[in-house]
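Examining the three-dimensional arrangement
In case you want the letters, here they are:
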Amino acid sequence: MDVAEWSGMAGGVAGLVGGGVAIWQGISARAARRDAEAASAEAAVLAAEANAALHRIAAAQESIATVSRPSAWGVPKSLGGDVWVIRNTSGRPIDLATVEVSPERAQALLEIDGELPRQFPSGDLLEFAARARNGLSIRTFTLVWHFADEPESETHSSVRTLH
């Protein structure tokens, strides 16, 4: 065999080896891509599970906060027409700071009997008028208050619906 034949044979072997390496790299790349896709899918499932767990934790915290919130105001009662009352049912004097309504644009439809802020002894009634005009009415109102024997910074809110 002369040098040219050896050269040709060596080139052929090198080509076969190179082709085998290329095939092996292609197979390895496809396997790596499948592994990456599987890992990505698993990460998405884990992220969704973590997100659901965070929502459950937030709901539980809100529930605990609601249960631990002091009960202070009863159910609003209509006295007829636009006039309503709500009783301080806390068993303690309350300093009522403000009453906010929803929707906000209905705030002008609320008329409190007397000035706020004001103290309400246990059992005392807050009287107010909840008017309606041109289809706009107060759906809910929020009493912002604190117990008279607590600092003003310890505010609470009680949301009530007018039925």
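The coordinates are above.
None of the values given here were measured: they were computed from a predicted structure.

1. Some remarks on the pattern of salt bridges
For the coordinates displayed, the defined rule picks out four salt bridges. Between D149 and R92 there is a salt bridge, and its shortest N-O distance comes to 2.7 Å. Residue D149 is found in the loop between β9 (140–147) and β10 (156–161), and its partner R92 is found in the loop between β2 (83–87) and β3 (94–102); the two are separated by 57 residues along the sequence. Take R92: its relative accessible area is 29%, and that puts it in the partly exposed class. R92 is paired through a salt bridge with E150; the nearest N and O atoms lie 3.8 Å apart.

2. Here we look at the pairing of strand β6 (residues 125–130)
Two faces, one strand: in a regular strand the side chains alternate between the faces of the sheet. The sheet contact formed by β2 and β6 spans five bridges and is antiparallel. Considered in β6, the bridge of W84 is made with F128. Pairing between strand β4 (residues 110–112) and β6: three bridges, direction antiparallel. Residue pairing in the sheet places I112 in a bridge with F128 of β6.

3. Thoughts on the sheet that holds β3
One open sheet accounts for four strands, arranged β5-β3-β9-β10; its pairing is antiparallel. The two strands at the open ends of the sheet, each matched to only one other strand, are β5 (118–120) and β10. Taken pair by pair, the neighbouring strands of this sheet meet at an average axis angle of 40 degrees, ignoring direction. The sheet contact formed by β3 and β5 spans three bridges and is antiparallel. Counted as the bridge partner of L96 is R118 from β5.

4. Quick look at the sheet that holds β4
Spatial strand order, β1-β2-β6-β4: four strands in an open sheet with antiparallel pairing. The open sheet has two edge strands, β1 (77–80) and β4, and neither has a second partner. For this sheet the average axis-to-axis angle between neighbouring strands, irrespective of direction, equals 30 degrees. Sheet topology note: the β1/β2 ladder contains three bridges and is antiparallel. The residue bridging K77 from the neighbouring strand is V85, located in β2.

Reading guide: rules and limits
Residues numbered from 1 in each chain as written. Predicted model: local features only at pLDDT ≥ 70, side-chain atom pairs only at ≥ 80, totals over all residues. Heavy atoms only, no water. Salt bridge = Lys/Arg side-chain N within 4 Å of Asp/Glu carboxyl O. Helix = DSSP H or I, 4+ residues; strand = E, 2+ residues; numbered from the N terminus. Buried < 20%, exposed > 50% of the residue type's maximum accessible area, 1.4 Å probe, protein only. Pairing = 2+ DSSP bridges. Axes fitted to C-alpha atoms, helices over the stretch in contact; angles between N-to-C directions.

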